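# Analysis of the macromolecular model
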Amino acid sequence: MLHCESLTKTYGSGGRELTVVKNISFSLEAGGFLAIVGPSGSGKTTLLGLLAGLDRPTSGSVTLDGEVLERLSEDARARLRGEKVGFVFQSFQLIPTLTALENVQVPLELRGVPARERATGLLARVGLAGREHHYPAQLSGGEQQRVALARAFSNRPRVLFADEPTGNLDARTGATVVDLMGELNRDLGTTLVLVTHDPDLAGRARRTIRLADGEIVADSAA
Amino acid sequence: MNAGFVARMAWREGRASARRLLLLTASITAGVAALVAINSFTDNLRRSVQEQARSLLGADLSISSQKEFTPAVTALLDTLGQTGLARVTTFSAMAYTATGSGARLVQVSGVTGPWPFYGDIVTDPAGSWDALSRGPHAIVDPSLLGALGAAIGDSLAIGEARFAIVGTIGRMPGDVGMRSALGPRVFIPGRYVAATRLLSFGARVQHEAFIRLPVGDAAQPIADRYRAKLRAESARIRTVAESQQNLDNALGRLGRYLGLVALIALLLGGLGVASATHVFVRQKADTIAVLRCLGATAGGVFAIYVAQAAVMGLIGSALGAAIGIAVQRVLPSAIASALPLDVSTAPSWPAIGIGVATGVWVAVVFALLPLLSARRIPPLAALRQAYDPGGRPREPLRIPVLALLAASVVALAAMQAGNPWTGAIFAAGIGASVGVLAIMAWLLIRAVERWFPHAWPYVWRQGLANLRRPGNQTTAVVLSLGFGAFLLATLFLAQYNLLEELRLTGGPSRPNLVFFDIQPEQVGPVSAAISGAGYPVSSPVPIVPMRIRSIRGRAVEAIAADTLARGRQRGRQGGGWALRREYRSTYRDTMVASEKLVAGRWWRADGPHRSPVPVSLDADVAADLGVRVGDEMVWDVQGVPVATRVANLRDVDWARFEPNFFAVFGTGALETAPQAFVVLTRAPDAARRGQLQREVAQRWANVTSFDIAVVQEAVERLVSRVVLAIRFMALFSLATGAVVLAGAVSTSRFQRLRESALLKTLGASRRQVIQVVLAEYIAIGLLAALAAFILASLAGWALAHFLFEIPFRLPIRQAATLIGGTAVLAVLIGAWGSIEVVRRTPLEVLRET
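Procedures and definitions
- Residues numbered from 1 in each chain as written.
- Chains lettered and ligands numbered in written order.
- Predicted model: local features only at pLDDT ≥ 70, side-chain atom pairs only at ≥ 80, totals over all residues.
- Heavy atoms only, no water.
- Salt bridge = Lys/Arg side-chain N within 4 Å of Asp/Glu carboxyl O.
- Helix = DSSP H or I, 4+ residues; strand = E, 2+ residues; numbered from the N terminus.
- Buried < 20%, exposed > 50% of the residue type's maximum accessible area, 1.4 Å probe, protein only.
- Domains from an automatic or database assignment.
- Axes fitted to C-alpha atoms, helices over the stretch in contact; angles between N-to-C directions.
- Parallel < 35°, antiparallel > 145°, perpendicular 65-115°, else oblique.
- Left-handed = near helix turned anticlockwise from the far one by under 90°.
- Contact = heavy atoms within 4.5 Å.
- Nonpolar A, V, L, I, M, F, W, Y, C, P; charged D, E, K, R; others polar.
- Polar contact = N/O pair within 3.5 Å; in protein donor to acceptor, adjacent residues only side chain to side chain.
- Core = buried A, V, L, I, M, F, W, Y, C linked by side-chain atoms within 4.5 Å.
- Pairing = 2+ DSSP bridges.
- Patch = residues over 30% accessible without salt bridge, like charges linked within 9 Å, V, L, I, M, F, W, Y side chains within 5 Å.
- Areas by Shrake-Rupley, 256 points an atom, 1.4 Å probe, with all protein chains shown as cover.
- Expected span 1.5 Å × (residues − 1).
- Phe/Tyr/Trp six-rings, centres within 6.5 Å; stacked < 30°, edge-to-face > 60°.
- Lys, Arg positive; Asp, Glu negative; His and termini not counted.
- Charge placed at Lys NZ, Arg CZ, Asp CG, Glu CD.
- pLDDT = per-residue confidence, 0-100.

Before going further, it helps to examine the pattern of salt bridges. Overall, the coordinates contain 25 salt bridges over all chains when judged by the stated rule. For Asp248(B), the salt bridge is made with Arg46(B), and the minimal N-O distance between the two is 3.1 Å. Taken together, the residues Asp248(B) in helix H10 (residues 240-283) and Arg46(B) in helix H3 (residues 29-51) connect sequence positions 202 residues apart. With relative accessibility at 29%, the residue Arg46(B) sits in the partly exposed group. Residue Arg227(B) pairs with Glu242(B) through a salt bridge whose shortest N-O separation is 2.6 Å. Here Glu242(B) lies in helix H10 and Arg227(B) lies in helix H9 (residues 219-232), a separation of 15 residues in the sequence. The partly exposed category is assigned to Arg227(B), whose relative accessible area is 25%. Salt bridges sharing common partners tie together Asp65(A), Lys84(A) and Arg158(A).

Have a look at this one:
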């Protein structure tokens, strides 16, 4: 489902170059659940971004559901994300001008697919029935992250990428969100890739890759 | 907290966001540029007037009269003019050339003596003026050559005399450029005036004498000594100082009004500063909270940002002043033909100083209100990002700061207008317009949200939703952009309606050629000649020149003296002119289409012999004279008293090209008085009208005529010239709107980067991201333009209805162009500021959060 080969990313140019991700290779099967852990600045978020095609690697390649990302144009990668990928961020990243329901609809609407019923259903599934017409500012952190989760699943993604999804939440709310992710992984067979600091959260994954200074220092199955 | 720390922090803080701050203060740049340009130009103009004052009149003194100078005046001229005396006799006549086509109504001036004593008359070829007096020569306005298809060297016919055209006039003393709009000027030697044989009865002749005194500054005492005596002889005396004062007042007034338009641009910039500061403080909340944690006082934090606003205001103003100086350098050359003198283009330091000071003040005073909230950011906010204690106490300084803001606007307007009342009214007008525009914009946004079709593609809905993103500056952008568009649109609508009214009155079946000064015995032959050429002839309208002798038994001289005394008490001129002027009246027993009865009743045509004679007055003139229906008036018709009673008052539509009259007499009283006639006709095109004018002028030299199309062109030129100046100043407001929009785009850059990165992450293509951006700016541009146009239509209607008293027409095509143009401007600026949004990859952006 997800495969990367000799992935390297270097930022900056001229005198001050910084290699954030160094020569990383691994594969993940469909329906798998991978946690990427490591200290701050170890390159976790950058790796996640490269895997999702949010930027081009300096060298190396990523294959996502059979598509080689480097061969795709930026728009083609965007289309691929719209069809096969879901995202959850530490800081939720909801669009402040849209209601909860509208936020969930966005990925499908970008493809011109009517999405109202599905979005309403997903919001109910994450426990937000009746809050459809609230704006992000009117929701608590946990509620916002649940909206983000509903949005991530709205397009029935093959892979869900999550960047510190519980980082801004208290332990209980965080647990609820992680439970939800687990359920969705099980019920829909979605592949999960998760970047986290949280050892509890990492412990739920079936596989853990540990990064330090941009390199894999450990790769263990639970 | 010491001042040094405030200054250092202001610098460090500003350094980090210099680009954004600069765009913030660039809002006031256009306004300062406009102010400096117009004030500097006005200063230069007035200084030039002072320096070249004597050449304005071309002499130390001038004495003029509508009548031949009386023996008393002539005697006085002989005494005063021993060092230098020149005379200019000006009258209207038809001019045509032997070889060219058509004929033109011109203003002929016969010059005797070495006028002008001061200043030069610029001619082409140079030096022609000196050749004028050497024989039957003529120097003419260049436009006459074009109109008649003539060239230098041709023979020009005026009345029964022939003149060789030896040159054209470039510029002459005291020429304000508007005078030739009444008809091209022709100068001939004074000794040939009699040869034209045109100064017979009925001709309007202006006699003017120019005097050079041995000592120039003796002019004013002389003028003061003889003024009353000369008035009794129907003559008027003018000095250099008086003409300078008149011109200075006129230019000063013009400069002040244009300066007010410039001030609008500056105030809109202030609005942009306020809005940008508001957003800026929100974005700086973390920094402020940290500073507070580290021991900065609320007042100290406030001082840091006020200092920043002042410095940025200074930079923005200095830039504006530089642009303003550049603009005023090119202004004189752009409008040189309309100016009576050479204008220097030296930068005016007072104008620059005032412009920069005004700019800094506006920047600071408009930044104060939003900066007050910086005082309210608690140190705790540094620890808890979403900290909002809710129900904060109201800022006690709010009211004083608001009052300072209002007072500043009024004071600036009063300073620019040169009088506190005008300033207050202007400030109130701007406040009201901005308020109405804001309400209009708010209603439009609500309406779009309420009724926007849900079936529309997502990108459009997202673009519209972006107008309400947190920290948006939609209102400020719509106001500043909209106000500029509103000014331009109102100006355009006023101009369009004025000119359209003129155009329509010359409709397809209406007369377009007027013959006047026809003597009674010429009426038959002239009419016959016109109908013989195949054109319709209106029934001849008689015109009888007369003055008012008494009203309700009181002599006008006594009334005028009273009015003058009362007028002085109230600080303005009374109705003296209406009392003393010459009236050119007619007599008939029916009303015409351009008249409407507003008081009294029209008299019966078949009434018995009437004494006193019924007379109908124009309602405005009656008001000036203080006359009501039923009042007795005695008129002086060429020395014969005619007793009348005011039978009714009329509203007259003067915009119609028809013989209209202030006073219309009943028939039976004036038939035997000395009179001339007017005849109207219609010929299909300019060439045939010219041909007919020429034929009549050749056979009856005293009969003058004008082509209505020529008058329309002259009026259009005049209106366009005035409008051009105002439009130029109004453009600065639109520029301010554009800068405020650019500032808002820049301020929200980070937010929009994140939003589009997010959209891309969720699968949006670049095309879709661009569409969202375009939708946002199309919406904001249309919003501003639409709000502006609705308001401008109301203003245009009010101007047409109340000021010009003409029907209001809305030009749909031009309206659409203006709305579309504003939207395109907004989209261009938005797109320019959004290139980065499209270019950057989503990961780059997300990593920064």
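Resuming the write-up.
The domain architecture assigned to chain B consists of domain 1 (1-50 + 253-387 + 396-418), domain 2 (53-246), domain 3 (429-509 + 708-849) and domain 4 (537-681). Distance from the C-alpha centre of domain 3 of chain B to the C-alpha centre of domain 4 of chain B: 51 Å.

Moving on: the packing of helix H15 (residues 420-451) of chain B against helix H25 (residues 766-804) of chain B. Residue and element names in this part refer to chain B. Orientation of H15 relative to H25, taken along the N-to-C sense of each, is 125°, at an axis distance of 9 Å. By the angle class used here, H15 and H25 are oblique. As for the relative orientation of H15 and H25, their crossing is right-handed in sense. For the pair formed by H15 and H25, the contact residues are Ser433, Val436, Leu437, Met440, Ala441, Leu444 and Ile445 on the first element and Leu783, Leu786, Ala787, Ala788, Ile790 and Leu791 on the second. Split by residue class, the contact of H15 with H25 holds 12 nonpolar, one polar and no charged.

Contacts between the two partners involve 27 residues from chain B and, on the opposite side, 27 residues from chain A. Seen at the junction of chain B and chain A, the total is three salt bridges. Notably, a salt bridge pairs Arg461(B) with Glu109(A), separated by 2.9 Å at the nearest N-O pair. Joining chain B to chain A, the criterion identifies four residue pairs in polar contact (both at pLDDT 80 or more). Where the side of chain B that touches chain A is concerned, the elements lending two or more residues are helix H16 (458-465), helix H24 (749-761), H25 and helix H28 (842-847) of chain B. Residue composition of the side of chain B that touches chain A, grouped by class: 10 nonpolar, eight polar and nine charged.

Attention shifts here to the nonpolar core. All names here are of chain B. Ranked by size, the top nonpolar core spans 120 residues in total, and within it Leu263, Phe366, Phe483 and Leu741 carry the most contacts. The leading source of residues in this core is H10, at 17 residues. Looking at which domains feed residues into this core, each of domain 1 (1-50 + 253-387 + 396-418) and domain 3 (429-509 + 708-849) supplies at least three. Discounting residues that sit within four places of it in the chain, Leu741 has contacts with Val477, Leu481, Tyr777, Ala826 and Ile829.

Residue Trp115(B) is joined to Pro116(B) through a cis peptide bond whose omega torsion reads 0°. Omega for the peptide link from Asp124(B) to Pro125(B) comes to 0°, which places this bond in the cis form. With respect to the helices and strands, the residue Pro125(B) is situated in the loop between strand S4 (122-124) and helix H6 (128-131). Residues other than glycine seldom take positive phi values, yet Asn23(A) does so here, at roughly 50°. Tracing the backbone through its elements, the reader meets Asn23(A) in strand S2 (residues 18-28).

On to the environment of Asn44(B), then. All names here are of chain B. With respect to the helices and strands, the residue Asn44 is situated in helix H3. Between the alpha carbons of Asn44 and Gly639 there is a distance of 50 Å; along the sequence they are 595 residues apart. With sequence-adjacent residues up to four places away left out, Asn44 is seen in contact with Gln328, Val343, Ser344, Thr345 and Ala346.

Quick look at the pairing of strand S10 (residues 215-221) of chain A now. Both strand S9 (residues 207-212) of chain A and S10(A) contribute to a ladder of six bridges, which runs antiparallel. Paired with Arg207(A) across the bridge in S10(A) is Ala221(A).

All names here are of chain A. Overall, antiparallel pairing links the four strands, which are arranged S2-S1-S4-S5 in an open sheet. Every interior strand has two partners, whereas the edge strands, S2 and strand S5 (67-68), have only one. As paired strands, strand S1 (residues 2-11) and S2 are joined by seven bridges and run antiparallel to one another. The residue of S2 that forms the bridge with Thr10 is Thr19. Running at roughly 125° to S1, helix H1 (residues 44-51) makes contact with S1, S2 and strand S4 (59-64) of the sheet.

Another aspect to go through is a nonpolar patch on the surface. Judged by side-chain polarity, Leu22(B), Val311(B) and Ile315(B) come together as a nonpolar surface patch covering roughly 240 Å² of accessible area. Examined against the element boundaries, Leu22(B) turns out to sit in helix H2 (residues 18-26).

The next subject is the sheet that holds strand S8 (residues 191-195) of chain A. By way of backbone hydrogen bonds, the strands of a sheet pair with one another, either parallel or antiparallel. Residue and element names in this part refer to chain A. Taken in spatial order, the six strands line up as S6-S7-S8-S3-S9-S10 in an open sheet, and their pairing is mixed. This sheet does not close on itself; its edge strands, each paired only once, are strand S6 (85-88) and S10. When the angles between neighbouring strand axes are averaged without regard to direction, this sheet yields 15°. Both strand S3 (residues 33-37) and S8 contribute to a ladder of four bridges, which runs parallel. Paired with Ile36 across the strands is Val195, a residue of S8. Its contacts with the sheet put H1 on S3, strand S7 (159-163), S8 and S9, and the angle it makes with S7 is roughly 155°. Packed onto the sheet, helix H5 (residues 141-153) meets S6 and S7 and runs at close to 170° relative to S6.

Before going further, it helps to spend a moment on H15(B). All names here are of chain B. Across its 32 residues, H15 extends 46 Å between first and last C-alpha, which sits within 8% of the 46 Å expected from 1.5 Å per residue. Among all positions in H15, only Gly423, Phe426, Ala427, Ile430, Ser433, Val434, Leu437, Met440, Ala441, Leu444 and Ile445 are buried. Between the side-chain oxygen at the start of H15 and the backbone nitrogen of Trp421 there is a gap of 2.8 Å, and the oxygen is on Asn419.

Moving on, we come to the packing of aromatic side chains. With the rule as written, the count across this model stands at 16 aromatic pairs over all chains. Consider the rings of Phe87(A) and Phe89(A), whose centres lie 5.7 Å apart with planes at 5°: the pair is stacked. For the pair formed by Phe87(A) and Phe89(A), the shared burial category is buried. Their ring planes at 75° and their centres at 5.3 Å tell us that Trp129(B) and Phe187(B) sit as a pair that is edge-to-face. Here Phe187(B) lies in strand S8 (residues 185-189) and Trp129(B) lies in helix H6, a separation of 58 residues in the sequence. Judged by relative accessible area, Trp129(B) falls into the buried class, the value being 13%.

Before going further, it helps to examine the packing of helix H13 (residues 349-372) of chain B against helix H14 (residues 398-417) of chain B. Two packed helices can be described by the angle between their axes and the distance between those axes. All names here are of chain B. Where H13 meets H14, the axes come as close as 9 Å, and the angle between the chain directions of the two elements is 160°. Relative to H14, the element H13 lies roughly antiparallel. In the crossing of H13 with H14, the sense of the turn from one axis to the other is left-handed. Every residue of H14 that contacts H13 at Ile354, Thr358, Trp361, Val362, Val365, Phe366, Leu368, Leu369 and Leu372 is listed here: Arg398, Val401, Leu402, Leu404, Leu405, Ser408, Val409, Leu412 and Met415. For the contact of H13 with H14, the residue count by class is 15 nonpolar, two polar and one charged.

Residues and elements named next belong to chain B. Side chains of Asp620, Asp624, Asp651 and Glu805 sit close together on the surface and give a patch of like negative charge. Along the chain, Asp651 turns up in strand S18 (residues 640-652). Looking at Asp651, the relative accessible area reads 34%, which means it is partly exposed.

Under the 1.5 Å per step criterion, the end-to-end length of helix H23 (residues 708-747) of chain B is 56 Å for 40 residues, consistent within 8% with the ideal 58 Å. Sitting at the amino-terminal end of H23(B) is Asp707(B), which places a side-chain oxygen 3.0 Å from the backbone nitrogen of Ala709(B).

Time to look at the confidence of the model for chain B. Predicted coordinates in areas of low pLDDT are best not read in detail. Residues and elements named next belong to chain B. When pLDDT is averaged along chain B, the result is 83, and 91% of the positions lie at 70 or above. This stretch, residues 384-391, has a pLDDT under 50; its non-local contacts, to residues over four places away or in other chains, come to four contacts. Low confidence marks residues 569-574, where pLDDT is under 50. Its contacts with residues over four positions away, or in another chain, come to four contacts.

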